[in-house]
Amino acid sequence: MSEKETSPAILQFVALKSLVQEGFWESFSSLKLDKLGIDDSPISITGFCGPCSHPQGSNYLRLSSESLPLDEQSSIASSTIIHGNRNKCPVPGILYNTNTLESFDKLDEQSLLKAEANKIWDDIQSGKALEDPAVLSRFLVISFADLKTWSFQYRVAFPALVLDPPASLVEIKAASEYFSSEEAESVSAACKDWRNSHLTTDVPFFLVSVSSDSKASIRHLKDCEACQGDHHQKLLFGFYDPCHRPKNPGWPLLNYLALIRSRWNLETVRFLCYRESRGFPDLNLSLVGQGLVTLSSKESAETVPNSVGWELNKKGKRVLQSIDLADSMDPIKLAASAVDLNLKLMKWRAVPSLNIDVLSSVKCLLLGAGTLGCEVARLLMRWGIRKITFVDYGKVAMSNPVRQSLYTFEDSIGGGEFKAVAAVKRLKQVFPAMEPSGVVMAIPMPGHPISSQEEDSVLADCKRLSDLIESRDAVFLLTDTRESRWLPSLLCANAIKIAINAALGFDSFMVMRHGAGPTSLSDEQRLGCYFCNDVVAPQDSMTDRTLDQQCTVTRPGVAPIAGALAVELLGGVLQHPLGINAKGDNSSSSNGGNNDDSPLGVLPHQIRGSLSQFSQITLLGQASDSCTACSETVISEYRERGNSFLLEAINHPTYLEDLTGLTELKKAANSFNLDWENDDTDDEDVAVVDM
């Protein structure tokens, strides 16, 4: 201020600016998706700021990935203590995020700003600001996060209490001009010690006292009364000033002056705008100023001053900032996040107890990559399942791409590509985050005798299939023939793996889940498998077939329905607390079955449907002790004899029937003669059994 001026000028403050890094929004997205869901409660966050460190540019209040709470308990608006360092002094803040753009537009910004300013005033009155001065710099963020497009809109405010009347400036100069050389040297040393101590480096408001012998010391604000008692020293109210301007203090001084006026009734305040250069005190850049703070007769602890603080542009309008992370993100990661969002929305809106983690970690084996295999694979992707292995030895035929959704016409040219290979390529094209694999292999089948020269190859296939099943969590039986499902059924029962079976007729379908193997539960408790109701062993159904028998002839809608039900059965098993041992619900179950056990509702054993009737029923069947695939007799024989058992089952059609007692059962049934007798009455026909 020049000597010609008759009255002090109004003290001008340079507004603080924000710098919200991409990492903040990435971390917030994860917090929103994984923990918060649609909860729009305010979140305590932490900003980081420090003294200006360059003469050509001011410091920002920065928000980074470290600004968000580390756990769910601290995600609500509560104070969280975060210790910083000399380059990142923590500042408490709060984030209001809305779930819709409309809600964002309707936020009462002035009321939110006022609420945060009230907190600052309360901290001043209660004395909390003396114990934790960082609360004087509280900030506020409001935002709308569009997690579908990874775009974010937000505004930032730095609430400041308005002094009435405003503070006036008596003088302001470089600190090097205010202090003598001895004082400047001592102040620099004291500031350096304050900044180098881990106890005080992130304390942004402090007292600087310089004694009559030019010795400087730095004290905490709570020691102000003791310092004021010594009238032979200079007392300055210091703060970390983010501003670089040579004639103006930064924004933090506003609330600092409100504290000084309210707590100590000082009208003349000398302040130090502490700034640095390359991490060291710079008294040429730092400022010392003197301001007049007039006490208002109307002011009281109950009267909260007005507040300002929303970030403004050069035209004085509130700044609406936006950021789009989609362009900077890995496209595969972006796609994975979008896919995961669908499941998380399901959890937020409809099924809060849905366990998404178990879905993303499950490994599925699809035996058959035809019409059913393609449908099942695509639907598994929708459940967030990414580890899928196909087993198939067929090639893509010209007729396949129309019926089988993972193939194109190009896959069928030149004799066709192996389905297990083509399916893997297509899944990666549909969703690059998938982890598919393909195995070109024929499944050994009972009733299909082999020569001695083929034994090693067939047994190697048996071993390979066993290893695949052992290393997976769930197996889908989606092959064309009944006998090709026998060995997988046996191996799943032996390894106690989830097995889902789907079979098609022209206008009908059957979908079922197998029960666990006989070692886990008794036959009365466990559910049956695909072969439990059969009275004959699986045999060759492929030889001497006409053209119409060589192809699976079904109505177009049958496979998609069956595939969908098969995948939903797996989802139900994975979410059920008993997993593979869950009891079966059927149409006659009271109250619709065990709804309370699974978040997805009833979990049937079998589903049979008919398109000709547009009907569907659920059935329940217990395991059979004469089953050729999952009975204890068969499993025990397989464990004891291994390969020799498999070769006998493959080469001798009646072996399994003899082993399980089905041969004797059929002989007993054949010993009965069933005739019909009619009399002259109107009674219904009566069946007569002769021994």
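In this report, the structure presented in the accompanying data block is examined. (Residues numbered from 1 in each chain as written. Predicted model: local features only at pLDDT ≥ 70, side-chain atom pairs only at ≥ 80, totals over all residues. Heavy atoms only, no water.)

1. A few points about the overall build of the chain
- When helices and strands are counted, the chain shows 22 helices and 27 strands.
- Evaluated residue by residue, the chain yields a buried proportion of 51% over its 691 residues.
- Contacts in the chain between residues far apart in sequence, at least 24 positions, make up 71% of those at least 6 positions apart.
- Carbon together with sulfur atoms contributes 50% to the accessible area of the chain, which is approximately 32,800 Å² in total. (Helix = DSSP H or I, 4+ residues; strand = E, 2+ residues; numbered from the N terminus. Buried < 20%, exposed > 50% of the residue type's maximum accessible area, 1.4 Å probe, protein only. Contact = heavy atoms within 4.5 Å. Areas by Shrake-Rupley, 256 points an atom, 1.4 Å probe, with all protein chains shown as cover.)

2. What about empty space enclosed by the protein?
- Taken as a whole and judged by the stated rule, the model has 5 cavities of 30 Å³ or more.
- Put simply, the largest cavity is a space of about 240 Å³.
- The wall of the largest cavity is formed by 21 residues, among which Leu16, Cys49, Val91, Ser137 and Pro252 lie closest to the centre.
- Sorting the residues of the lining of the largest cavity by element identifies strand 5 (89-98), strand 7 (151-161), strand 11 (234-240) and helix 8 (252-264) as the ones contributing at least two each.
- Class assignment for the residues of the lining of the largest cavity results in 17 nonpolar, 3 polar and 1 charged.
- Lining of the second largest cavity is provided by 10 residues; of these, Gln525, Arg526, Leu527, Asn581 and Ala582 occupy positions nearest its centre. (1 Å grid on protein atoms, 1.4 Å probe; cavity = no way out; pocket = protein on both sides within 12 Å on 5 of 7 lines; lining within 4 Å. Points joined across faces, edges and corners; volume = space filled by probe spheres on them. Nonpolar A, V, L, I, M, F, W, Y, C, P; charged D, E, K, R; others polar.)

3. Describing a nonpolar patch on the surface
- A grouping of Tyr393, Phe418, Val421 and Val440 is seen on the molecular surface, where their side chains present a nonpolar patch of about 320 Å² in accessible area.
- Looking at the secondary structure, you find Val440 in the loop between strand 20 (437-439) and helix 15 (455-470).
- Looking at Val440, the relative accessible area reads 33%, which means it is partly exposed. (Patch = residues over 30% accessible without salt bridge, like charges linked within 9 Å, V, L, I, M, F, W, Y side chains within 5 Å. Salt bridge = Lys/Arg side-chain N within 4 Å of Asp/Glu carboxyl O.)

4. Observations concerning the packing of aromatic side chains
- Per the stated rule, a full pass over the model turns up 17 aromatic pairs.
- Aromatic pair Tyr178 and Phe179: ring centres 5.0 Å apart, planes at 75°, arrangement edge-to-face. For the pair formed by Tyr178 and Phe179, the shared burial category is buried.
- Ring centres of Trp486 and Phe645 lie 6.2 Å apart, and the angle between their planes is 40°; this geometry places the pair in the tilted category. Of this pair, Trp486 sits in helix 16 (residues 486-495) while Phe645 sits in helix 20 (residues 643-651), and the two are 159 residues apart along the sequence. The burial state of Trp486 is the same as that of Phe645; both residues are buried. (Phe/Tyr/Trp six-rings, centres within 6.5 Å; stacked < 30°, edge-to-face > 60°.)

5. Some remarks on helix 14 (residues 419-430)
- Look at helix 14: 16 Å from first C-alpha to last across 12 residues, which is about the 16 Å you get at 1.5 Å a residue.
- Among the residues of helix 14, those classed as buried are Lys419, Ala420, Ala422, Ala423, Val424, Arg426 and Leu427.
- Buried residues belonging to helix 14 abut helix 11 (371-382), strand 19 (387-391), helix 12 (400-403), helix 13 (409-412) and strand 20. (Expected span 1.5 Å × (residues − 1).)

6. Considering the nonpolar core
- Counting residues in each nonpolar core, the largest one holds 68 residues, and the members touching the most others are Trp25, Ile45, Ile124, Phe237, Tyr256, Leu257 and Leu259.
- The dominant element in this core, judged by the number of residues it contributes, is helix 8, at 8 residues.
- By size, the runner-up hydrophobic cluster in this structure holds 56 residues, among which are Ile388, Ala420, Val573 and Leu611. (Core = buried A, V, L, I, M, F, W, Y, C linked by side-chain atoms within 4.5 Å.)

7. Considering the pairing of strand 25 (residues 615-619)
- Two strands pair when backbone bridges link them, and strand 24 (residues 606-610) and strand 25 are joined in this way by 5 bridges, in the antiparallel orientation. Residue Ser610 lies in a different strand from strand 25, and its bridge partner there is Ser615.
- Hairpin connection, strand 24 to strand 25: the antiparallel pair is bridged by 4 residues, and Phe614 has positive phi, about 50°. (Pairing = 2+ DSSP bridges.)

8. Examining the pairing of strand 23 (residues 508-513)
- Counting buried positions along strand 23 gives 5 out of 6 residues, so the element sits mostly inside the fold.
- Looking at chain direction, strand 22 (residues 498-504) and strand 23 are connected through 5 bridges and run antiparallel. Within strand 23, the position partnered with Ala502 by the bridge is Val511.

9. Focus on the environment of Lys17
- Mapped onto the elements of the fold, Lys17 is located in the loop between strand 1 (9-10) and strand 2 (18-20).
- Judged by its relative accessible area of 35%, Lys17 is partly exposed.
- Apart from residues no more than four positions distant in its own chain, Lys17 is found in contact with Tyr60, Leu61, Phe158, Glu311 and Leu312.
- Reaching out from Lys17, the side chain makes a polar contact with the backbone oxygen of Leu312 at a distance of 3.0 Å. (Polar contact = N/O pair within 3.5 Å; in protein donor to acceptor, adjacent residues only side chain to side chain.)

10. A few points about the sheet that holds strand 22
- Strand order across the open sheet formed by 8 strands is 20-19-18-21-22-23-24-25, with mixed pairing between neighbours. Either end of the sheet is taken by a strand with one partner, and the two such strands are strand 20 and strand 25. For this sheet, the mean inter-axis angle between neighbouring strands, taken without regard to orientation, is 15°.
- Bridge analysis of strand 19 against strand 20 gives 3 bridges, and the strand direction is parallel. Bridging from a neighbouring strand, Thr389 pairs with Ser437 of strand 20.
- Where helix 11 meets the sheet, it contacts strand 18 (363-367), strand 19, strand 21 (474-477) and strand 22, and its direction lies at approximately 165° from that of strand 18. (Axes fitted to C-alpha atoms, helices over the stretch in contact; angles between N-to-C directions.)

11. Focus: the packing of helix 16 against helix 19 (residues 632-641)
- It is at 10 Å that the axes of helix 16 and helix 19 come closest, and there the two elements cross at 85°. Taken together, the axis directions place helix 16 and helix 19 in an arrangement best described as roughly perpendicular. Listed contacts from helix 19 to Leu490, Leu491, Ala493 and Asn494 of helix 16 are Val634, Ile635, Tyr638 and Arg639.
- Classifying every residue of the contact of helix 16 with helix 19 gives 6 nonpolar, 1 polar and 1 charged. (Parallel < 35°, antiparallel > 145°, perpendicular 65-115°, else oblique.)

Purely geometric stuff here, so don't read any function into it on its own.
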